[in-house]
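Commentary on secondary and tertiary structure
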Amino acid sequence: MTMLLEMRAITKTFPGVKALDNVGLRVETGEIHALVGENGAGKSTLMKVLSGVYPAGSYDGEILFEGQVAQFRNIADSEKMGIAIIHQELALVPLLSVAENLFLGNEVAERGVMNWPRMHQMARELLQKVGLDESPDVPVGTLGVGKQQLVEIAKALAKDVKLLILDEPTAALQENDSQKLLGLLKELQGQGITSILISHKLNEINQVADRITVIRDGASVSTLDCRAEEISEEHIIRDMVGRDMAHRYPDRERNIGETLFEVKNWNVWHPEHRDRQVISDVNFNVRSGEIVGIAGLMGSGRTELAMSIFGQSYGRNISGQVTLRGVEIDVSKVDRAIEAGLAYCTEDRKELGLILEESILRNTTLANLAGVSKGGVISDGEEQKVAEKYRQAMNIRTPSVQQKVVNLSGGNQQKVVLSKWLYADPQVLFLDEPTRGIDVGAKFEIYSIMNQLAADGRGVVMISSEMPELLGMCDRIYVMNEGALVTVLDADEASQERIMSFIVTE
Amino acid sequence: MSQSKPDIRAYLASHMREYGLLLALIAIMAFFQIMTDGVLLKSVNITNLFLQNSYIIIMALGMLVVIVAGHIDLSVGSVMGFVGALAAVMIVQWDLPMWVAVPICLVVGGMIGAAQGYWVAFWNIPPFIVTLAGMLVFRGMSLWLLEGQSVGPFPREFQALSTGFIPDFFPLSVGENIAERLGVRRFNTGALSLGVIAAAIIVWLGLRGRARDKAYGIEGEPIAFFIARNVIVASALIFVCYKLATFRGLPNVLISMTVLTVIYAFITEKTTIGRRMYAVGGNEKAANLSGIKTKRLTFLAFINMGVLAALAGLIFAARLNSATPKAGFAVELDVIAAVFIGGASMSGGVGKVMGAVVGAFIMGVMNNGMSLMGIGIDYQQIIKGLVLLAAVIFDVYNKNKQG
């Protein structure tokens, strides 16, 4: 077997931290190679070394590409050799058309004058290759995330790529879009394109990967060959976290009480398109000590439902009734909703959940400044005590609460968001995709926190696209489809297939 | 935890901006002190420095709040001119007493701020556009009010807003006695004692804060830095007050400026409303979803700016002893520059009151020093522009290095 890529003994140090320690990665020509590891294990750093973001000389070790020693000074160098990275955050210009994006920085031009007809034709071919049925003229911003992902891949293909690196490509995708993407990877493999797939979704990896390299704490732990025999998810997880994880979901003693929270006849209209109803006649309830799930496709209205309840942060012409312990509560403004005992952890931590340039401390107390102040004056000491308490309780891995949250990993950032809401002491918490983009170890910790919340007698509403997680955590699961709750299933009667059947048939 | 070397280095790296700013001010002052053969730090010139820059500093306080909230106000120069004109018309032409005219002027300033803040906060119109419009409108309105003429002079008690001095509260004989020993013409004992008291308070508050931090386990400034910083600040304060004491004492504006600075530093750093202001600038959506009334805070920031611009307009008119159609022209640029030199971020959420004040002093000392050296207004502008650029580049460079 010929090796397309060999990274030998890569060591990369940042001031005070050894991010990569003697890491090796060997990728065979034509394979799909999965790279897994917890957040902060060093996957991204390794890929940055490979693509030249960290130029040759800033790390120790050696990179061999197609048998030649490669020394990339920047991304342009690695792209020239045929290495393309598709990042989690897509690098597309939303207002430009698909064709313009495909050839951005790689335009077909003669003496600086664009050859648009030629580019159009090429764009069509590329789109066909990735199975995207869209005109090259539509602005990229109007496409969904799944389609944008395909545009990114087409863009890489336009550059004659040999090694395609995908960083968490399906993190923001729905099940069927993910499947399409994985299928495309297989297809590209057939055309001789090698890929490295970074993902947290082990079932997807098992589905497409030929070999798996596991990285833990900046060192390569193992390389597993899936072609010879099936590698179990448990095996991968064990290598990732370095401990046996018999249960992916922590045990919980269910102690479910009376109805705590109830939403009746909830209707919401689209903020811009006034004639479009986004949520129609939704009724649901949460009992104290209960974890309730909301399943549904992206765009089915799950986030919109939660946000419209939480201080009418979404939508217009909102009508309906919200009660807590049988008493109607005012949720028309965010501060009133918080006052009444609600909390909402957004699915988009960075954009909507955190003030990235501020410290952990300041983010923790933001929703309940009254708790650390007297007469509007903040007590630094009280605030420090509170932040420190939550840092320890949540096991946020950082030496100090003065650390800016922008420097934390996804899992730790999510814990800061949870700290903020726990400190506001809510009765009912809405958690929107609480484990998105978070590694297995941190997921387990977040689940444990959720269980603790339920054990305290609070109500938890969990919105998630990952069905195993809903099945593993929830007592009841509501299924949402096109703005309506179509059914509710008890945990013991629910299965992925049953949930899916309600989503598809309606 | 051990206080090893890397700790200090890391601390220095993350607080580079604050120490750098203080050192820059000292360096600039030392430079001009030498280049002007000691004129810069003469009693009369220090007094002038405060009189010349007080209105910039007062507006910089409001501008800092606006910029921290993620906005900008280009209209402050025009608003300041307009309010000065309004005061002149009311006091000089209509003979209204000061205690009526001054509050009216401040309220008008607040209403102007509200009128602009309304569009920014509740209609999401970019503040750059709204206040650019305001800049033109209020420049025009002051021309209209004054009919293109200067209006003055003001009565004595109005002038005292700016050019008045705090009288010595010690018996005259004490001052005469000291003056004789020092070989100066007069000595305001009250001025020096106020300086000493203020220095003592600063050191005492610093020590108390350190003790409390320690009790709560907050890692603070390394002790060497704490001592050095306090020695510099306290001795500078006493030195300045001593110099002022040998001239006419403490100017009224110095007192009002200092009191306002302390109040704004307290509000921005210690109160919930200040904290929320930073949150709005840092991430408005996240702040909103945390129950913070972001629109109302933006609205407030502009009202506050309007009131401070009005106060600055009064002080400026009092110093010139007349309102002129050109008053406040292009001053918004000095104010904004001071805030950015002081370390605020264009994208909001970052910046400190003390930084803005020191930034304003840096601009003020450069203006004053270059004028004393007889450098033409052409070169002055070029140099000021380059200093602003250098300060911001330094910021960005620092941030990149840390990240």
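Relevant structure appears above.
This write-up is about the structure you can find in this document. (Residues numbered from 1 in each chain as written. Chains lettered and ligands numbered in written order. Predicted model: local features only at pLDDT ≥ 70, side-chain atom pairs only at ≥ 80, totals over all residues. Heavy atoms only, no water.)

Okay, the overall build of chain B next. In terms of regular secondary structure, chain B is built from 17 helices and zero strands. The globule rule puts the C-alpha radius of gyration for 403 residues at 22 Å, and the 22 Å found for chain B is close to it. Seen through its C-alpha atoms, chain B measures out along the principal axes to roughly 70 × 65 × 40 Å. Nonlocal contacts in chain B, meaning residues at least 24 apart in sequence, comprise 79% of its contacts between residues at least 6 apart. Per element, the accessible surface of chain B, about 19,300 Å² overall, is 69% carbon and sulfur. (Helix = DSSP H or I, 4+ residues; strand = E, 2+ residues; numbered from the N terminus. Rg over C-alpha atoms; globule rule 2.2 N^0.38 Å. Contact = heavy atoms within 4.5 Å. Areas by Shrake-Rupley, 256 points an atom, 1.4 Å probe, with all protein chains shown as cover.)

What chain A contains, in helices and strands, is 17 helices and 24 strands. A compact globule built from 506 residues would reach a C-alpha radius of gyration of about 23 Å, and chain A, at 24 Å, matches this within 12%. When the backbone C-alpha atoms are referred to their principal axes, chain A occupies close to 70 × 50 × 50 Å. Residue burial in chain A is summarised as follows: out of 506 residues, 53% are buried. Residue pairs in contact within chain A that sit at least 24 positions apart in sequence constitute 67% of those at least 6 positions apart. As displayed, chain A offers around 21,600 Å² of accessible surface, 45% of which is attributable to carbon and sulfur atoms. Across chain A, 52 positive and 72 negative side-chain charges occur, with their mean positions spaced 4 Å apart. (Buried < 20%, exposed > 50% of the residue type's maximum accessible area, 1.4 Å probe, protein only. Lys, Arg positive; Asp, Glu negative; His and termini not counted. Charge placed at Lys NZ, Arg CZ, Asp CG, Glu CD.)

Let's shift gears to helix 9 (residues 302-309) of chain A. Residues and elements named next belong to chain A. Within helix 9, seven of the eight residues are buried, leaving the element largely enclosed by the surrounding structure. Those residues of helix 9 not exposed but buried are Arg302, Thr303, Leu305, Ala306, Met307, Ser308 and Ile309. Positioned one or two residues after helix 9, glycine 311 has a phi angle of 65°, which is positive.

The next thing to look at is the sheet that holds strand 22 (residues 459-463) of chain A. Across a sheet, strands are paired by hydrogen bonds formed along the backbone, either parallel or antiparallel in direction. Residue and element names in this part refer to chain A. Ordered in space as 18-21-22-15-23-24, the six strands form an open sheet in which the pairing is mixed. Edge positions in the sheet fall to strand 18 (342-345) and strand 24 (484-490), since each has one partner strand and no second. Strand after strand, the sheet turns through a mean of 20° between neighbouring axes, direction not considered. Contacts from helix 9 reach strand 15 (291-295), strand 18, strand 21 (428-432), strand 22 and strand 23 (476-481), with the element oriented near 145° to strand 18. In the packing of helix 14 (residues 410-423) onto the sheet, the strands contacted are strand 18 and strand 21, and the crossing angle to strand 18 comes to about 175°. (Pairing = 2+ DSSP bridges. Axes fitted to C-alpha atoms, helices over the stretch in contact; angles between N-to-C directions.)

Another point: the interface of chain A and chain B. Put simply, an interface is often sized by how much accessible area is lost when its parts join up. Taken together, the contact pairs 34 residues of chain A with 24 residues of chain B. Between chain A and chain B the total buried area reaches about 2,500 Å² when both faces are included, carbon and sulfur atoms providing 56% of it. The interface formed by chain A and chain B contains four salt bridges. The salt bridge involving B:Lys293 is made with A:Asp335; its shortest N-O contact spans 2.4 Å. Taken together, the links from chain A to chain B amount to nine residue pairs in polar contact (both at pLDDT 80 or more). Counting only elements with at least two residues in the side of chain A that touches chain B, the list comes to helix 10 (334-340), helix 11 (349-353), strand 20 (377-378), helix 13 (380-394) and helix 14 of chain A. Of the residues forming the side of chain A that touches chain B, the biggest block, six residues, is contributed by helix 13 of chain A. (Buried area = accessible area lost by both parts, 1.4 Å probe. Salt bridge = Lys/Arg side-chain N within 4 Å of Asp/Glu carboxyl O. Polar contact = N/O pair within 3.5 Å; in protein donor to acceptor, adjacent residues only side chain to side chain.)

This paragraph deals with the packing of helix 3 (residues 43-68) of chain B against helix 15 (residues 331-341) of chain B. Residues and elements named next belong to chain B. Relative orientation of the contacting elements helix 3 and helix 15 amounts to 65°, with a least axis distance of 8 Å. Crossing angle aside, the handedness with which helix 3 passes helix 15 is right-handed. Counted together, Tyr55, Ile56, Met59, Ala60, Met63, Leu64 and Ile67 of helix 3 and Val331, Asp334, Val335, Ile336, Val339 and Phe340 of helix 15 form the full contact between these two elements. (Left-handed = near helix turned anticlockwise from the far one by under 90°.)

On to the sheet that holds strand 14 (residues 277-287) of chain A. Residue and element names in this part refer to chain A. The strand order 14-13-16-17 describes an open sheet built from four strands, whose pairing is antiparallel. At either end of the open sheet lies a strand with only one pairing partner, and these are strand 14 and strand 17 (327-328). The sheet contact formed by strand 13 (residues 259-269) and strand 14 spans seven bridges and is antiparallel. Within strand 14, the position partnered with tryptophan 269 by the bridge is glutamine 277.

Once that is clear, we can look at empty space enclosed by the protein. Residue and element names in this part refer to chain A. Considering all chains together, one arrives at five cavities of 30 Å³ or more under this definition. Together, Gln174, Glu175, Ala295, Gly296, Leu297, Arg302, Ser464, Ser465, Met467, Leu470, Met500 and Ile503 line the largest cavity. If you list the elements that add at least two residues to the lining of the largest cavity, you get helix 16 (467-473) and helix 17 (496-505). For the lining of the largest cavity, the per-class residue count stands at six nonpolar, four polar and two charged. (1 Å grid on protein atoms, 1.4 Å probe; cavity = no way out; pocket = protein on both sides within 12 Å on 5 of 7 lines; lining within 4 Å. Points joined across faces, edges and corners; volume = space filled by probe spheres on them. Nonpolar A, V, L, I, M, F, W, Y, C, P; charged D, E, K, R; others polar.)

Taken as a whole and assessed by the stated rule, the structure comprises 19 aromatic pairs over all chains. Joined through ring pairs, the aromatic side chains of B:Tyr118, B:Trp119, B:Phe122, B:Trp123 and B:Phe299 make up one cluster. The ring of B:Tyr278 has A:Arg362 lying over it, and the distance from NZ or CZ to the ring centre is 5.7 Å. (Phe/Tyr/Trp six-rings, centres within 6.5 Å; stacked < 30°, edge-to-face > 60°. Lys NZ or Arg CZ within 6 Å of the ring centre and 35° of its normal.)

Right, let's get into the nonpolar core. Soluble globular proteins: nonpolar side chains tend toward being buried together. Judged by nonpolar contacts, the single largest core of 109 residues is most densely connected at B:Tyr55, B:Met59, B:Met63, B:Phe158 and B:Val339. No other element matches the 17 residues that helix 3 of chain B contributes to this core. In contact with B:Met63, other than residues within four places in its own chain, are B:Asp73, B:Val76, B:Met305, B:Val335, B:Ile336 and B:Val339. Ranked by size, the runner-up nonpolar core spans 85 residues in total, among them A:Trp266, A:Ala387, A:Met450 and A:Met473. (Core = buried A, V, L, I, M, F, W, Y, C linked by side-chain atoms within 4.5 Å.)

By themselves, these figures tell us nothing about what the structure is for.
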